[in-house]
Amino acid sequence: MAAGGGDPAASPMKTPSWAVRIRGADGEIAGAGILLSPDQVLTCAHVVDRAAARLTAEFVGATDHSVPAVPARVDGTAYVPETRDGDGDPSGDVALLRLERPRPVEETVRLHRLSAPGREVRMYGFPYAHNGGIWFRSTVVGGCGRDGQVQLSPVSPGELASPGCSGAGVADSRTGEVIGMVLSGQLDQHGNRFSFMSPAETIARHLPGLKPHIVGPTAVDERLLPTDDGPSPDLLDEPFAQRLAAWLRDDGSQVKISVVRPGDAARAATLRRAITLADRELRTAVSIDRASLDPPGTVPSAGGHDLAVDASGVTAAEIAERIAERMGLWQHPEDPPLDRIRASRSTLNLVVVGVDEAIDPLSLLDLLEVLRAGGSRLLLVFRTAGDCHRLACDRLLTRPARERRARLVERLRDLTGPLAEDLHERLASVVPHGLRPLDSDLVAAHAALADLLRADDADGEPDRAGGPARDRDLDPDQPPGRVRGADRDSDRAGHWDPGRGRDDRDRDLDRDPHQPPGRGRYADRDPDLDWALDRVRHPEPGRDRDLGRERDRDVDRDRRPDRGHDRDPDLDWALDRVRHPEPGRDRDLDPERDRGVDRDRRSDRGHDRDPGRAPARGVGPVPDLGRYERLADRVAGRLAAGVAELDRLRDRRDELAGRLRGYHVLHQHSLQGEEDPAVDDLYLRAHALLRARPCDVRAAEAAVDAYTRRVDGHGGGDAR
């Protein structure tokens, strides 16, 4: 039995008793429904519209194996039709039906609040030719739109929700709990297939009267909800609100750390507001509309977090149990919750407020480290920038960033080393007909590698005071002197150390004004960087320079056929990083991609600073690891495709060589000692083209075809 009563969809081998087939006045199947109480069925509003004035609910999973049909009508005002906002985002489309005769209580089911990311789910609907109902399997992709709806991806193309499935219950495959209702299926112009569901929390917001039929803890701790005696909801720290909304909309950062000091009413109210608006059940209707009066960029996505907990006065074990319950990891209660979380492949977006006020903050950091390693996203709020805050920054931001950078360096070394050599070996063998030029991709990979190695060198050098090197600023969104992911305002609660000024390594990074761009200390010692920079300064196609790399000639030759090829914007960005390594230099080479970053920088420049504090130490621009990872993905894909195409050309060359040899032997036997200079000339031309390096396979194929046709014709004449 499901939590709170009812029959869970635990087994796909049976028809769920709560599954309802709904017919309209014409007798046709209009959709599906979920039996929530003996006399109430949840369905979609458009199913009610399709059924016209008369509705009949049929119970295909009845316990007596019959299929009772019960007349139904809309239950009072429990009808929310689908509406669309100015952007076309749908909202609503839920309705509650009242049955004329009640069903047995054991046939009912309750909706369950459960975090959704990546879950495998099933839905029982009634599509065409399956009047008795059929299971459909899907995987949760993520939230979409302002209403808090959830996008599902069918496991196979035939399992897309189709007419007859609207209103069907969506059951979690692991727990069997019904977590939402199918809204529709969609096949777009690109052939992508998606289904959409309204989760339990969104249904509860549209139909508050259903809350007694929805079980499972809410996503937000009660202590985090706005209160009458709390900070005024009118208080708003707009830059902080924009950063919170960006993280809750998944700005690409896995971990964000902020400090909200006791007594900072504006930031406290801003945090509560963001948590409330990101919850599907608490979100206000006015904030869903695009025409909302909220400041731009301050409204997070519905479902931006899966769980928000207040850690103050709570143990790490209690928080772990709360997380495990929200993830649906209650099947083995004898196991510690941390072990269940570690063994699970589930992820969630977690907000923890008051990390440093937990009873055992170090144990809580252990838990958070397990979640981060498993792929969960974390928004962590501290009350002070003390030891716990610094330890969290190190364990959850600095160390993972260094490990991530090290993995990226190894990958780029592989791309610019063995994989690039494989490519150039093949380019030396065959002319790359039809192959996209790859020289710009390799230049970008070399430039990215040089930038990362330069950052590694800077990180490893000692401070002027003789201590270990401080962590570089790991966040391009941060002003100088802060750790990536740590909120820019958090250092207001810390203490500025006048001894941590501009150190020697930053002076080493300064470019000599008499040197050309990019010819700093690091550029001079890195041959890959020298090569990349020379390619930047001399981009003319066909220009052949001996830079100590034999493969340059192949690259330039490969570039000639595509003189007008557009460069990747990430390539421009990577190369600018190489040309201008000066600390603190900020260039915007991709305005659309970087506009949000620059706006965040500007908004925080001097934001709410303590007037007596000295400015933070200047540091150099930090490599954007996400951008370099995307670059590495593209380069790896293009290199693999290029090598595969060149291998195909080499195989064709070898095939032609074998064919030429066979025909040559055949021709020699047919001549019986005679000579045929014209045929011999054709053979010698084809042989020379096949032996040339690089081999022009197209020209060689034409030459071999000419020779074989002539031999075939000669043989045919002899036969006659």
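Here the structure is shown first, and the text comes after it.
Residues numbered from 1 in each chain as written. Predicted model: local features only at pLDDT ≥ 70, side-chain atom pairs only at ≥ 80, totals over all residues. Heavy atoms only, no water.

J.: I'd love a proper account of the overall build of the protein chain, names of residues and values included.
T.: What the protein chain contains, in helices and strands, is 19 helices and 20 strands. In the protein chain, which comprises 720 residues, the proportion classed as buried is 51%. In the protein chain, once contacts between residues fewer than 6 apart in sequence are set aside, the share between residues at least 24 apart is 71%. In the form shown here, the protein chain has an accessible surface area of approximately 31,800 Å², with 50% of it arising from carbon and sulfur atoms. (Helix = DSSP H or I, 4+ residues; strand = E, 2+ residues; numbered from the N terminus. Buried < 20%, exposed > 50% of the residue type's maximum accessible area, 1.4 Å probe, protein only. Contact = heavy atoms within 4.5 Å. Areas by Shrake-Rupley, 256 points an atom, 1.4 Å probe, with all protein chains shown as cover.)

J.: Break down unusual backbone geometry for me, with residues and values.
T.: Leaving glycine out, the prevailing phi sign among residues is negative, and the prevailing peptide bond configuration is trans. The residue after Arg 693, namely Pro 694, is reached through a cis peptide bond having omega 0°. Positionally, Pro 694 belongs in the loop between helix H18 (677-691) and helix H19 (697-719). You will see that Asp 93, though not glycine, has its phi angle at about 70°, which is positive. Note on placement: Asp 93 falls in the loop between strand E7 (90-91) and strand E8 (94-99). Phi angles above zero are rare outside glycine, and Asp 250 is one such case at about 65°. If you trace the backbone, Asp 250 turns up in the loop between helix H3 (238-248) and strand E17 (255-259).

J.: Can you lay out the pattern of salt bridges for me, pointing to particular residues and giving the numbers?
T.: All chains considered together, the criterion is met by 37 salt bridges. Residue Arg 205 pairs with Asp 147 through a salt bridge whose shortest N-O separation is 2.4 Å. With a gap of 58 residues between them, Arg 205 in helix H2 (residues 200-206) and Asp 147 in the loop between strand E11 (134-144) and strand E12 (149-154) connect regions that are remote in the sequence. Assigned by exposure class, Arg 205 and Asp 147 land together as buried. One salt-bridge network, in which partners are shared between bridges, spans Arg 21, Arg 23 and Glu 58. (Salt bridge = Lys/Arg side-chain N within 4 Å of Asp/Glu carboxyl O.)

J.: With reference to specific residues and values, describe the sheet that holds strand E2 (residues 29-37).
T.: The sheet built from six strands closes into a barrel, its strands ordered E1-E2-E3-E8-E5-E4 with antiparallel pairing. Strand-to-strand, the axes of this sheet are offset by a mean angle of 40°, without reference to chain direction. One ladder, built from three bridges, connects E2 with strand E3 (residues 40-43); its direction is antiparallel. Across the sheet, the residue bridging to Leu 35 is Val 41, located in E3. (Pairing = 2+ DSSP bridges. Axes fitted to C-alpha atoms, helices over the stretch in contact; angles between N-to-C directions.)

J.: Could you give an account of the sheet that holds strand E18 (residues 307-310), naming the residues involved and the relevant values?
T.: Read across the sheet, four strands follow the order E17-E20-E19-E18 without closing on themselves; strand pairing throughout is parallel. Either end of the sheet is taken by a strand with one partner, and the two such strands are E17 and E18. Mean inter-strand twist for the sheet, computed between neighbouring axes without regard to direction, equals 10°. Docked against the sheet, helix H6 (residues 316-327) engages E18 and strand E19 (349-353), running at close to 165° with respect to E18.

J.: Kindly report on the nonpolar core, identifying the contributing residues and their values.
T.: Ranked by internal contacts, the top residues of the largest apolar core, which has 56 residues, are Ile 34, Leu 42, Leu 99, Leu 111 and Met 181. Counting 40 residues, the second-largest nonpolar core is a separate cluster that includes Ala 444, Leu 631, Leu 646 and Tyr 707. (Core = buried A, V, L, I, M, F, W, Y, C linked by side-chain atoms within 4.5 Å.)

J.: Describe the packing of H6 against helix H8 (residues 361-373), listing the residues and the values that go with them.
T.: Contact geometry for H6 and H8: axes closest at 8 Å, N-to-C directions at 30°. Taken together, the axes of H6 and H8 lie roughly parallel to each other. Where H6 abuts H8, its residues Ala 316, Ile 319, Ala 320, Ile 323 and Met 327 lie against Ser 363, Leu 364, Leu 367 and Leu 371. Residue classes in the contact of H6 with H8 are distributed as eight nonpolar, one polar and no charged. (Parallel < 35°, antiparallel > 145°, perpendicular 65-115°, else oblique. Nonpolar A, V, L, I, M, F, W, Y, C, P; charged D, E, K, R; others polar.)

J.: How would you explain the environment of Leu 329 if you had to name every residue and give the values?
T.: Here Leu 329 lies in the loop between H6 and helix H7 (337-343). Here the alpha-carbon distance between Leu 329 and Ile 341, two residues twelve residues apart in the chain, equals 7.5 Å. With sequence-adjacent residues up to four places away left out, Leu 329 is seen in contact with Arg 174, Ala 324, Arg 340, Ile 341 and Ser 344.

J.: Residue-level account of the packing of aromatic side chains, with values.
T.: Scanning the model with the defined rule gives three aromatic pairs in all. Between Tyr 124 and Trp 135, the aromatic rings sit 5.1 Å apart at their centres with planes inclined by 75°, giving edge-to-face as the arrangement. With a gap of eleven residues between them, Tyr 124 in strand E10 (residues 120-125) and Trp 135 in strand E11 connect regions that are remote in the sequence. The residues Tyr 124 and Trp 135 share a single accessibility class, namely buried. Pairing Tyr 683 with Tyr 707 gives two aromatic rings, centres 5.6 Å apart and planes at 55°, and the pair type is tilted. Pair noted here: Tyr 683 is in helix H18 and Tyr 707 is in helix H19, with a separation of 24 residues, a long-range link. Each member of the pair, Tyr 683 as well as Tyr 707, carries the same accessibility label: buried. By way of ring pairs, the aromatic residues Tyr 124, Phe 126 and Trp 135 are connected into one cluster. Positioned above the aromatic ring of Trp 135 is the side chain of Arg 122, whose terminal nitrogen or guanidinium carbon lies 5.0 Å from the ring centre. (Phe/Tyr/Trp six-rings, centres within 6.5 Å; stacked < 30°, edge-to-face > 60°. Lys NZ or Arg CZ within 6 Å of the ring centre and 35° of its normal.)

J.: So what's going on with the environment of Arg 454? Residues and values would help.
T.: Tracing the backbone through its elements, the reader meets Arg 454 in helix H10 (residues 439-460). For the pair Arg 454 and Pro 623, spaced 169 residues apart in sequence, the C-alpha to C-alpha distance is 9.6 Å. A polar side-chain atom of Arg 454 sits 2.6 Å from a polar atom in the side chain of Asp 451. (Polar contact = N/O pair within 3.5 Å; in protein donor to acceptor, adjacent residues only side chain to side chain.)

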